[in-house]
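# Examining the three-dimensional arrangement
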Amino acid sequence: MVSETRKESPSLMPQKDNLWYKDAVIYQLHVRTFCDSNADGIGDFAGLTQRLDYLQELGITAIWLLPFYPSPLRDDGYDIADYTSVHGSYGSLEDFKTFLAEAHRRGLRIIIEMVLNHTSDQHPWFKEARSSRDNPRRDWYVWSDTDTRYQGVPIVFVDTETSNWAWDPISKSYYWHRFFSHQPDLNFDNPAVFEAVWEVMKFWLNLGVDGFRLDAVAYLVEREGTLCENLPETHAIIRELRRRLDLAYPGAMLLAEANQWPADVRAYFGDGDEFHAAFHFPLMPRMFMAVKLEDRKPIIEILDQTPEIPDSCQWFIFLRNHDELTLEMVTDVERDYMYDEYAMDRTMRINRGIRRRLAPMMDNDRRRIELLNGLLMSMPGTPIVYYGDEIGMGDNIYLGDRNGVRTPMQWNSALNAGFSLADPERLYAPVISNAVYGYQAVNADSQNRSEHSLLRWMKSLLEVRNAFQVFSRGTIQFLNPSNHRVLAYMRQFGGETVLVVNNLSSSAQAVELDVQRYKGYIPIEMFGRNLFPRFGNVPYLLTLGPYQFYWFQLRRI
Amino acid sequence: MAEDVFLSDDLLRQLMSVGEVDLLVGMSSHNAANTVSHALDAIEESFQRNFVRQRVVIVHVGGGDKDEDGVVAKGHGNLAETGLRLPGITSLRTSHRVTANVPDPPSRGIALRTILAAADLLRARACAVVSPGVSNLTPDSIASLLRPVYREKFDFAAPLYARNKYQGLLARNLLYPMSRALFGCGIRELFSDEWGFSGRLASLCLNQDVWHEEAIQARPEAWMAVSAISSDFRCCQAFLGEKPQAAKGLGTDIVEVLRQTVGTLFWCLETQQSWWWDCGRSQPAPAFGPDHELTADPTDLDRHRIFEMFRSGVTELEPILSSILDPETHSEIKSIVSREEGKFRFKSDIWVRTLYDFAASYHHAVINRDHLVQALAPLYRGMTYSFLVEHSDSSPADMEAASELLCGEFELQKPYLMERWKAKIEVKS
Amino acid sequence: MRETILRALREVYGNLVHMIAEFLPRFLVMLIIIVIGLLVAFVLKYILRALLGVTKLDRVSDDAGASRVLRMAHLPPMTELLSRSIFWVTWIGFILVGLSVLGVAGLQEQISRLFQFLPEVFVAMLILFLGAVIANFLSRTALLAAVNAGHPSPKILSWSIRFVVWILAISMTMEELGVARQTVISAFSIIFGASMLGLAIAFGLGGQDLARKCLERYLGDTKKKEDKEPQPL
């Protein structure tokens, strides 16, 4: 297939492009899960480095690494005990540097986690802070003699925590934690905290990382009488960070993790002077809902509510990630519906969400998996592919917390799915081995060898997507045909126009599209490059098979 | 020869876009923009409050729905996605409104046929027909009609109302007991402006070749109920609250009402003879909500006038009645006509025999059938007068007991009807 | 003389034989035509009966009240009546044709005149019959409407309508038959016109108060009836 390449080949070291994140296709992984090079049962940077060719061939352009810092690992690494090092299980700082260089050599940018809101209670900062009330770092955290401050603030991890305050037996006082009790919140009212965090970020930026995902950014600041989220002071902190970043490290990106309504997330873009990008959390469950309902309504509604953002900013969109499929940004009716349709077994539910992977949620229906990936790649925003979803990996809901979606990557049908040469009992988590999703049936090697595998299909999907900037930077205009089972929209950027038509239904559908304003254009199906009849004066009739979608490039010749 | 095609291409195109649905609510109107808008909103709200996960559609058969100022009803279009947003209510799915535009006021039969066709093509599981003119149309009443069909798998849901004890005397003294006795199913409101039904009943009725019949054009709901009963489908009743008052000038002309109701009932007897002939004792139709309620609110009725019209009617129509009624029945009626107003009572057994004579004469077409039904009007007035006098101080419980006795009388005298039905007609000069 | 008588007798005998010889074939032809006519009439009768059965004419006749009229006249139902009529008309036609074959002087002319008159007779009978049916139907309609509307004199209204329709039907019948045509037309016109004029004058001028009261009462009765009768459904 001939690609109409509009940018430089991704095999080259990326040129200075301060808006690279808008055109990126992100691959999210945890180094622990990907590849083990030293047979200790835990993935490491050396192993990840070995697999960079796979990622490059897949077509992704950036890697988002989940936390790899030294940590007690009580929250999968989000409880950081040392910000400027690498957990020994994953290798050394040198290993990381090697990985970074190799990634850049392949044109892959690297985004790392930066947890600003809290640390592990094993972090030296907290150890010092709790040692006595007079310690210089005491004020680096939020302390109280009672647990009555900030009443009414919701608890995030409702399944495990009963309060946002935890009692410290050492300093005999309470400390504030929005997440687990072993993750005390840093006090950003203390300028020293900000400076310390900035130093940490500089450390990694100097090594060459291309961006940060700032975790739990909404909760940085607390104020009485509020929900302690999205406060103006938080935005001030972000603006300052951004200012320093742009000055010293132009092209580095800040990505906000703010699980809020789009209108509330909008504030985190500022006037283009806060975050470069933010996740569009509410869109994600609605894509799943739309496919189950066979109705485009949820998607249309949420995107209609999504405000405009500055030109330099970008929404990041995704189907699944390392956490549960969050159902916080839906109504009670919608949540009940999602539970009933996707998580009938209560074991699948956690923290107002669903802890399952994409393929099992789609009942391993290839068509639906393709449809959802097609939506992901054609909707406005930067798409994120969660590791393993490109081959349709399954999950293990019987592992605790959200570990069921963090199982070892399945490379081949050999021992431990090719992830590690260690004894299976030594693996950080068991590989998936059931008859449907087990590594014998689902693995990268077999799919690479099969011409019509999901992996091959994903590669071709990304190839087409990467060839057209209209997907990453274009506007979106919904066509809203009378058949509500069909989601159709136009993407436009510069001189490019693409028509995307998706059948959300399990049955064949006919749809008449109102494209008279594009009269005279020739639709060219973008995967096979076949011509379709020209648009005329009458509504354009299309028929689609179950869960089928079309991408048409419109050309006027 | 190709079958008649009555679904327009435009309507078909709209239905194609809607696809399969779980619930369908249909209504028809003409030049009633304000009431149509209200009805559409009530239906939409019912969907969003009670059936949030179901695939739904509203089918509106009508046209020219302009209000007094000539403005077309808001939201009224061919195929529209409804934009009703209710505070605190999540609507999961797209809700469609399909409109079948007809140039002339659609008869109830044509409207129903269109709605049934839509239900059949969309494979709707549960349907309801409502009337925009009904004053008590609320989201809850619509849900009450749909729920028994959708959730409890009934095929027909007739409404039940709370009535004033002097309301609905035709239904109470004729339509209900007669249909119950003959068809074996105790549905009180056989004739109404709103009812629910299943998709499979819709398909059954749609495929019957009766759409040209006058009875279907006037009051198709009774025929649907009788079709359901005679096909052994499950029927029930759903309480909808207070019976809405008929709009001024509608439903109060007794002759017209008799034409539509009794005429339809007699026609049903004709067409479903094989069912009711062998039908055993009646069974009560299950009720959802209160069985029905009677209130004893006072009412202002001119009894003297009713009696006078009865007496003069029986006298003046003697030649006609003699060709309809059995001689014995006729002579009994003539004897009670001669009594004083205060002493007049129309006994149940005479009333039942009268109705059965009319039914049998309708079957034999001794005179023009429309004339036959009209001739019943004075006798109905007599029954009404007698009822008003007898139950002026009765409690609702007493009236209910009397109603049950009347139902029993109808069942008891069913052999009499069968005998008259089979008898050869004699020429009367 | 004996020879003359014998010769005359032989001549007469010969003429008689000759006449019989000439008459017999025609007679036979007549019989054949009559028999064929009988067969054709039967076939037509059954065909018509079947066709009318499909069109449900008896039901229409019942609804129109014609069946009752027929029963009163001890006539069979409409389908049977028409079938038998077509039988007799056909057979009589064949009989007449057969008779015409006989060649009897003068008979042919009379038969021809009869044939010419038959359609008028048929039409006249039809007019009369329809008139009876319509009179019956309209008078009953009026009676029922008047009774149910509470009109003070429903029978008078009913009989008036019946009378008018009968007069019209009889006039048209006689005109069709050509009986005192001018007299009938004139008489009907005079009576009908005078009646209408009289009614108009009586009602519009002489009875304007009554007219007003009737209208008021009608409109008032309608309203009262709506308010004072219980809602039936």
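Conventions adopted
- Residues numbered from 1 in each chain as written.
- Chains lettered and ligands numbered in written order.
- Predicted model: local features only at pLDDT ≥ 70, side-chain atom pairs only at ≥ 80, totals over all residues.
- Helix = DSSP H or I, 4+ residues; strand = E, 2+ residues; numbered from the N terminus.
- Rg over C-alpha atoms; globule rule 2.2 N^0.38 Å.
- Buried ≥ 20, exposed ≤ 12 C-beta atoms within 10 Å, placed from the backbone.
- Contact = placed C-beta atoms within 7 Å.
- Nonpolar A, V, L, I, M, F, W, Y, C, P; charged D, E, K, R; others polar.
- Pairing = 2+ DSSP bridges.
- Axes fitted to C-alpha atoms, helices over the stretch in contact; angles between N-to-C directions.
- Domains from an automatic or database assignment.
- Arc of directions from axis to C-beta.
- Expected span 1.5 Å × (residues − 1).
- Core = buried A, V, L, I, M, F, W, Y, C linked by C-beta atoms within 7 Å.
- Parallel < 35°, antiparallel > 145°, perpendicular 65-115°, else oblique.
- Left-handed = near helix turned anticlockwise from the far one by under 90°.

## Topic: the overall build of chain A
Counting its regular elements, chain A contains 17 helices and 20 strands. Its C-alpha atoms give chain A a radius of gyration of 24 Å, near enough to 24 Å, the size a compact globule of 557 residues would have. Summarising its shape, the C-alpha atoms of chain A cover approximately 80 × 55 × 50 Å along the three principal directions. Counting across all 557 residues of chain A, residues that qualify as buried make up 52%.

## Points about the interface of chain B and chain A
When the parts of a complex come together, some accessible area is lost, and that lost area is often used as the size of the interface. Contact with chain B, which involves eleven residues of that partner, is made by twelve residues of chain A. Those elements that provide at least two residues to the side of chain B that touches chain A are α1 (9-18) and β3 (79-81) of chain B. Of the residues belonging to the side of chain B that touches chain A, the class tally is four nonpolar, four polar and three charged.

## Focus: the sheet that holds strand β8 (residues 253-256) of chain A
Residues and elements named next belong to chain A. With parallel pairing, the eight strands of this closed barrel are ordered in space as β1-β2-β3-β7-β8-β9-β10-β13. The mean inter-strand angle of the sheet, taken between neighbouring strand axes irrespective of direction, is 25°. Relative to strand β7 (residues 211-215), strand β3 (residues 109-115) runs parallel, the two being bridged by five bridges. Within the sheet, the bridge partner assigned to I112 lies in β7 and is F212.

## A word on the sheet that holds strand β18 (residues 522-525) of chain A
Residues and elements named next belong to chain A. Ordered by their spatial adjacency, five strands build an open sheet running β14-β15-β16-β20-β18, and the pairing between neighbours is antiparallel. Every other strand in the sheet has two partners, leaving β14 (475-478) and β18 as the edge strands with one partner each. Direction aside, the axes of adjacent strands within the sheet are offset by 30° on average. By the bridge criterion, four bridges tie β14 to strand β15 (residues 486-493) in an arrangement that is antiparallel. Across the sheet, the residue bridging to T475 is Q492, located in β15.

## What about the domain arrangement of chain B?
Residues and elements named next belong to chain B. According to the domain assignment, chain B consists of domain 1 (9-295) and domain 2 (303-422). Contacts between the two partners involve 25 residues from domain 1 and, on the opposite side, 25 residues from domain 2. Secondary-structure elements contributing two or more residues to the side of domain 1 that touches domain 2 are α5 (169-183) and α9 (254-271). For the side of domain 1 that touches domain 2, the class distribution of residues is 16 nonpolar, three polar and six charged.

## A closer look at the arrangement of the chains
Among two pairs of chains with at least one contact, chains B and C form the most extensive contact set. What separates chain A from chain C at the closest point of their C-alpha atoms is a distance of 41 Å, and the two make no contact.

## Digging into helix α6 (residues 199-206) of chain B
Residues and elements named next belong to chain B. Of all the residues in α6, the buried ones are G199, L201, A202 and C205. For α6, the angular spread of the buried residues around the axis is 160°, confining them to a single face. Taken together, the buried residues of α6 touch α3 (108-121), β5 (126-129), β6 (156-164), β8 (195-198) and α8 (220-230).

## Points about the domain arrangement of chain A
Each domain of chain A was delimited in the assignment, giving domain 1 (20-117 + 191-467), domain 2 (124-176) and domain 3 (474-555). Averaged C-alpha coordinates put domain 2 of chain A and domain 3 of chain A at centres separated by 55 Å.

## Quick look at α9(B)
End to end, α9(B) covers 25 Å across 18 residues, agreeing with the expected 26 Å (1.5 Å per residue, within 8%). Most of α9(B) sits out of view: 14 of its 18 residues are buried.

## A closer look at the nonpolar core
Grouped together as the largest cluster of nonpolar side chains are 174 residues, with contacts concentrated most on A:I63, A:L255, A:A278, A:M287 and A:L372. Sort the elements by how many residues they give to this core and helix α10 (residues 283-293) of chain A lands first, with eight residues. Aside from chain neighbours lying at most four places away, what touches A:A278 is A:L255, A:A256, A:A258, A:V265, A:Y268, A:F269, A:W315 and A:F316. With 137 residues, the next largest nonpolar core counts B:M27, B:A225, B:V314 and B:L417 among its residues.

## Structural notes on unusual backbone geometry
Among all residues except glycine, the phi angle is most often negative; among peptide bonds, the trans geometry is most common. Unusually for a residue other than glycine, A:A216 sits at a positive phi of about 50°. With respect to the helices and strands, A:A216 occurs in the loop between β7 and α8 (232-248). Its identity is not glycine, yet B:R123 carries a phi of approximately 55°, on the positive side. Here B:R123 shows up in the loop between α3 and β5.

## Some thoughts on the environment of A:N448
Along the chain, A:N448 turns up in helix α15 (residues 444-449). For A:N448 and A:Y54, which are 394 residues apart along the polypeptide, the C-alpha to C-alpha distance reads 9.9 Å.

## Here we look at the packing of helix α14 (residues 348-364) of chain B against helix α16 (residues 396-412) of chain B
All names here are of chain B. Two numbers describe how α14 lies on α16: the axes approach to 9 Å, and their chain directions differ by 50°. Between α14 and α16, the angle is such that the two are oblique. As for the relative orientation of α14 and α16, their crossing is right-handed in sense. The segment α14 lies against α16, with S348, D349 and V352 engaging L405, L406, E409 and F410. Across the contact of α14 with α16, the residue classes tally to four nonpolar, one polar and two charged.

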